[in-house]
Amino acid sequence: MRGAHVIAGGTAGRALPQVVEAIYDSIADVDRWQATLEAICNLAEGQLAMLAVIDTISSSARFSVSCGDPAVLEPLKHDYGSQVPFYAAVPKMEIDVPFTVDSIYALQGPDTRQRWLESRIVREWVQPNRLDDFFWVALMKRPTRIGTLMVVTDRDRRQISREDLELVSLLAPHVRRAVTIGDLFEAERRKAEIFRSIIESLDHPVLIVAEDMTIIFANPSAEALLAENISVACVRGQLSFTYANANAAIGRAVQLGTRDEFALGPCGINIPLARTVVPAVAHVMPLARREISARISQRAAAAIFIAAAGSTPTPALDAIAALFGLTAAERRVAGHVAAGRTRKEIAAAGGVSDGTVKSQLATIFDKTGTGDQRELELLMRELSPPLRSS
């Protein structure tokens, strides 16, 4: 995390909170995405940026926004977009982790670089426009949805550094949360003019809560869920989740988002609501700094969206990451622990020092309330059975 501290103290670090606020403002006001993407592109010192959610069944864009010189973007959209050979790598990309051209080469195999350099898109579009590298982040990987963020750099920019990658990785979970929640009500957005109208028309349960989890508003789907009193309940006016880990994770995300949206990071996305009849997950959207919160209540701190997790249960490692807000690096280390690897083996696999792994493990133990690797393994085993679909 040393690089993150360097970023936080620099010019880019001072701009990050403003960019994060813009990201969340763009959820309810989709017209703001253009300016928000431009801010992200400028922060990453890019020339072009593209953010999209693709429906894999119809091969069409559910949501798409781009920024940069139209003379450069238009040929990509109309002539060369289908020729980009890297899309097959998306299923292999880790969520929230920025990839460069070189890391995509490594992911797709030894022939990828040569095929790319010899392609028509490189000869006719990349080289004439003096483009060089990119930051590419997977935001959504589902059977029917793929979401990605790409920022393209040119040859005049300095080489992408570790600090640059850390900067983009800090932004990634905020963009992911905004895209995930925005995708839930994209179809209804066109029919509604204000945030509450959208929420009321959603089939997904949505609850607006204060910082202490007092329920301020529940749409009809959420009211039906509360009436069942199985996975979600109203206890003396406060929202409560049956599964203790989910209850703690959601409460923590609401408080974090109220005090410091930037600090949310990966917390509050895809939190598994275990021991439910139908597997479900929760996403927390911070509202305290949103203009739309005043339309609902001055006390509105967050909107909690509940969505079906899909036909397959959430893997224990994903559940751990969501419940306890593990970063991408911490999630990888937890995965090694789940595989039964020793600290020395984890360090070798990650190409880092034993001290780095020791520090990462200490953070993971602190977040998950475990004392050692054995307890962490047991916790992941405990999370697996409740997340199976009936």
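Up top you'll find the structure we're talking about.
Let us look at the structure shown here. (Residues numbered from 1 in each chain as written. Predicted model: local features only at pLDDT ≥ 70, side-chain atom pairs only at ≥ 80, totals over all residues. Heavy atoms only, no water.)

### Remarks on the packing of helix α14 (residues 316-324) against helix α15 (residues 328-338)
Step number 1: Look at α14 against α15: their axes get within 10 Å of each other, and the N-to-C directions meet at 140 degrees. What the angle tells us is that α14 and α15 run oblique. As for the relative orientation of α14 and α15, their crossing is right-handed in sense. Residue-level contacts link Leu 317, Asp 318 and Ala 321 of α14 to Arg 331, Ala 334 and Gly 335 of α15.
Step number 2: Here the residues of the contact of α14 with α15 are counted per class, giving 3 nonpolar, 1 polar and 2 charged. (Axes fitted to C-alpha atoms, helices over the stretch in contact; angles between N-to-C directions. Helix = DSSP H or I, 4+ residues; strand = E, 2+ residues; numbered from the N terminus. Parallel < 35°, antiparallel > 145°, perpendicular 65-115°, else oblique. Left-handed = near helix turned anticlockwise from the far one by under 90°. Contact = heavy atoms within 4.5 Å. Nonpolar A, V, L, I, M, F, W, Y, C, P; charged D, E, K, R; others polar.)

### Re unusual backbone geometry
Across the chain, the bulk of peptide bonds are trans and the bulk of non-glycine residues have phi less than zero.
Step number 1: The backbone of Ser 59 sits at a positive phi, close to 55 degrees, despite the residue not being glycine.
Step number 2: Owing to a relative accessible area of 62%, Ser 59 belongs among the exposed residues under this scheme. (Buried < 20%, exposed > 50% of the residue type's maximum accessible area, 1.4 Å probe, protein only.)

### Brief notes about the layout of surface pockets
Leftover empty space is mapped by rolling, across the atoms, a probe with the size of a water molecule.
Step number 1: Considering only enclosed or pocket space, the second largest pocket measures out at about 1200 Å³ in volume.
Step number 2: Forming the boundary of the second largest pocket are 47 residues, of which Val 84, Phe 86, Phe 134, Met 150 and Val 152 lie nearest the centre.
Step number 3: Elements supplying a minimum of two residues to the lining of the second largest pocket: β1 (48-55), β2 (60-67), α4 (70-80), α5 (101-108), α6 (112-117), α7 (120-126), β3 (131-141) and β4 (145-154).
Step number 4: In terms of residues, the lining of the second largest pocket owes the most to one element, β4, which gives 6 residues. (1 Å grid on protein atoms, 1.4 Å probe; cavity = no way out; pocket = protein on both sides within 12 Å on 5 of 7 lines; lining within 4 Å. Points joined across faces, edges and corners; volume = space filled by probe spheres on them.)

### Describing the environment of Val 281
Step number 1: Relative to the assigned elements, Val 281 resides in strand β10 (residues 280-286).
Step number 2: Considered as a pair, Val 281 and Ile 269 are 12 residues apart in the sequence and their alpha carbons are 8.2 Å apart.

### Observations concerning the pattern of salt bridges
Step number 1: Summed over all chains, the structure comprises 19 salt bridges.
Step number 2: Across the salt bridge formed by Arg 145 and Asp 183, the nearest N and O atoms sit 3.1 Å from each other. Of this pair, Arg 145 sits in strand β4 while Asp 183 sits in helix α8 (residues 162-184), and the two are 38 residues apart along the sequence. The burial state of Arg 145 is the same as that of Asp 183; both residues are buried. (Salt bridge = Lys/Arg side-chain N within 4 Å of Asp/Glu carboxyl O.)

### Side note on the pairing of strand β8 (residues 238-241)
Step number 1: Alternating positions in β8 separate cleanly, Leu 239 and Phe 241 being buried on one face and Gln 238 and Ser 240 remaining unburied on the opposite face.
Step number 2: Both strand β7 (residues 232-235) and β8 contribute to a ladder of 4 bridges, which runs antiparallel. Pairing of Cys 234 across the sheet is with Leu 239, part of β8.
Step number 3: Hairpin geometry of β7 and β8 is characterised by an intervening segment of 2 residues between the two adjacent antiparallel strands and by a positive phi of about 50 degrees at Arg 236. (Pairing = 2+ DSSP bridges.)

### Focus: the packing of aromatic side chains
Step number 1: In this structure the tally under the stated criterion is 2 aromatic pairs.
Step number 2: On the numbers, 5.9 Å between centres and 55 degrees between planes, the contact of Trp 33 with Phe 63 is tilted. You can see Trp 33 sitting in helix α3 (residues 33-43) and its partner Phe 63 sitting in strand β2, a full 30 residues away along the chain.
Step number 3: Using a relative accessible area of 4% as the deciding quantity, one classes Trp 33 as buried.
Step number 4: For the ring pair Phe 134 and Trp 136, a centre distance of 5.9 Å and an interplane angle of 80 degrees mean the geometry is edge-to-face.
Step number 5: Of the residues examined, Trp 136 reaches a relative accessible area of 1% and is grouped as buried. (Phe/Tyr/Trp six-rings, centres within 6.5 Å; stacked < 30°, edge-to-face > 60°.)

Geometric descriptors of this kind do not, in isolation, establish any biological role.
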